[in-house]
Structure formats: C-alpha cells, structure tokens
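Breakdown of the fold
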Amino acid sequence: YDELNRLHWAFYYDGTAIAYSYSADGITWSSAGTLPYSTSSFTVGQKVLNGRSYVFVAVEADIYDVVLLRGALGLAGVSFDAPITGFDGTGANNSYRKQTMAFDDAGHIWLSAIHTLSTASTTFERSQAVVRRSSALGDASILSFDVWQVVGRSVPTLRSTVLTSRQGEAMYLVLSNDSPSN
C-alpha cells in the first residue's frame with residue numbers, strides 16, 4: 001500500500017511479463033503497465049524515503065542474472081529507472097536465482113540470491129547464498145551496490161532464501177535446502 005498516494009499496488013506475472021495495477025479501494029483495479037521480464041521469480045518491496053514513495057522490484061533476468069528496478073510511485077503509474085544488475089551470472093555454470101530483497105532501518109536496499117556454480121568437466125554443482133547492500137540509500141539519484149558477500153557454506157542444494165531486517169543496518173538471512181545434513 002502506497003500511503004502517500006493512497007493507492008494499493010499489485011505486481012504479478014501474467015504469463016508473459018510482470019504486470020502491475022493500482023486501486024484506490026482494493027476492489028476496482030486499473031492496469032498501469034508491464035515490465036519486460038517473462039518470469040514469475042521476482043520480489044517486490046515498497047518504501048517511503050524522504051517524502052517520496054518508491055517501489056523496488058528484484059527479478060531474475062536474462063536467465064543467469066538478478067536485476068533491481070526502482071520506480072517512483074504516482075497517482076496513476078510508476079516511473080521506473082533503468083535496471084541495475086545486482087548479481088551478474090555468465091552462463092548455466094555461473095548463475096544467480098531465487099532472489100530476495102529487504103530494507104534496513106537506514107533505508108539501504110539489501111539483495112540476496114542463490115549463486116550456483118558448476119564446472120564444465122563435471123556435473124558436480126554447488127549452491128551458495130550471496131548478499132549485497134546498496135552503497136547509498138534507496139532514494140539516491142544513482143543506485144549502486146557494495147561488493148557481494150558469501151553467506152554460509154556452499155551446499156549441493158539450496159532451495160530458497162529469506163532476507164529480513166533486524167535492527168539498524170543488521171539483517172537476517174534464512175536459508176532452506178532439502179537435506180537436514182547440509
């Protein structure tokens with residue numbers, strides 16, 4: 001809910017793109033546009049920073065990458081900035097997926113993803129959680145990110161991550177896999 005413009009927003013995968021709509025009452029909805037990503041794997045967050053309402057969308061892009069889009073929310077639309085690459089994979093043997101996003105109390109954006117690495121000479125694959133924080137607050141004129149950090153140890157299967165704010169600029173990252181021994 002965008003408290004500044006008093007609008008409900010919904011972001012959803014419509015089968016071909018990430019679509020978004022708005023509503024004043026939560027009953028009648030108007031389409032506001034689409035984002036050019038054909039995936040249901042995305043995370044949305046909304047935050048008011050310095051008197052302006054923003055939406056942030058972290059999405060799997062180009063099969064191997066995770067990008068972040070920032071949009072200024074208005075009365076009948078969203079004005080999105082150019083996407084920022086949060087995690088840059090190079091191919092099937094070096095890819096990022098299952099992203100999540102959260103804000104710390106100061107207004108920094110945190111991204112996490114599962115980094116999957118394998119070598120061409122073997123089918124052995126390892127998954128590793130990675131995280132990074134925006135260098136500036138989410139309302140900065142130009143967003144950029146600090147160097148990403150590895151979290152935990154690599155495991156054969158890592159299914160999902162959840163990133164949530166703790167207190168101040170501290171965060172929790174919860175990891176999930178299929179094996180109780182990993």
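Here is what the cut-offs are and how they apply
Residues numbered from 1 in each chain as written. Predicted model: local features only at pLDDT ≥ 70, side-chain atom pairs only at ≥ 80, totals over all residues. Heavy atoms only, no water. Buried < 20%, exposed > 50% of the residue type's maximum accessible area, 1.4 Å probe, protein only. Helix = DSSP H or I, 4+ residues; strand = E, 2+ residues; numbered from the N terminus. Pairing = 2+ DSSP bridges. Lys, Arg positive; Asp, Glu negative; His and termini not counted. Salt bridge = Lys/Arg side-chain N within 4 Å of Asp/Glu carboxyl O. Polar contact = N/O pair within 3.5 Å; in protein donor to acceptor, adjacent residues only side chain to side chain. Contact = heavy atoms within 4.5 Å. Axes fitted to C-alpha atoms, helices over the stretch in contact; angles between N-to-C directions. Phe/Tyr/Trp six-rings, centres within 6.5 Å; stacked < 30°, edge-to-face > 60°. Lys NZ or Arg CZ within 6 Å of the ring centre and 35° of its normal.

Most of strand β11 (residues 125–133) is tucked away, with seven of its nine residues classed as buried. As paired elements, strand β10 (residues 109–118) and β11 share nine bridges and run antiparallel to each other. Bridge assignment links L111 to a residue of β11, and that residue is R132.

Of note in the backbone geometry, R6 takes a positive phi value of approximately 55° without being a glycine. Tracing the backbone shows R6 in the segment before β1 (8–13). The residue I63 is not glycine, and still its phi comes out positive at about 70°. Following the sequence through the fold, I63 ends up in the loop between β5 (52–61) and β6 (65–73). Since its relative accessible area comes to 67%, I63 is described here as exposed.

Let us look at the side chain of D104. Relative to the assigned elements, D104 resides in the loop between β9 (94–103) and β10. Among buried charged residues, D104 stands out as having no salt bridge; its nearest opposite-charge side chain is R133, 4.5 Å away. Engagement of the side chain of D104 in a polar contact is seen with the backbone nitrogen of H108, the distance being 2.9 Å. A polar contact is formed between the side chain of D104 and the side chain of W110, at a distance of 3.0 Å. If we skip the residues at most four places from it in the chain, D104 touches K47, W110, R133, S165, G168, E169 and M171.

A separate point is the sheet that holds β10. On the basis of which strands lie adjacent, the open sheet formed by four strands has the order β9-β10-β11-β12 and antiparallel pairing. The sheet is open, and its two edges are formed by β9 and β12 (149–155), each paired on a single side. When the angles between neighbouring strand axes are averaged without regard to direction, this sheet yields 20°. Relative to β12, β11 is paired through four bridges, and the arrangement is antiparallel. Residue A129 lies in a different strand from β12, and its bridge partner there is V151.

Spatial ordering of the open sheet is given by β1-β2-β3, a layout of three strands whose pairing is antiparallel. Edge positions in the sheet fall to β1 and β3 (30–35), since each of these pairs with one other strand and no more. Strand-to-strand twist of the sheet, defined as the mean angle between neighbouring strand axes without regard to direction, takes the value 25°. In this structure, strand β2 (residues 18–23) lies alongside β3, joined through five bridges in antiparallel fashion. Paired with S21 across the bridge in β3 is S31.

Here we come to the packing of aromatic side chains. The final tally for this structure, using the stated rule, is seven aromatic pairs. Ring plane angle 20° and centroid distance 5.2 Å describe the contact between F87 and Y96, whose orientation is recorded as stacked. Take F87 and Y96: they sit in the same class, and that class is buried. Between the aromatic rings of Y96 and W148, the centroid separation amounts to 6.2 Å while the plane-to-plane angle is 75°, which identifies the pairing as edge-to-face. Of the two residues, Y96 sits in strand β9 while W148 sits in the loop between β11 and β12, which places them 52 residues apart along the sequence. Given the relative accessible area of 30%, W148 is considered partly exposed. Here R132 stacks its cationic end above the ring of F87, 5.8 Å away from the centre of that ring.

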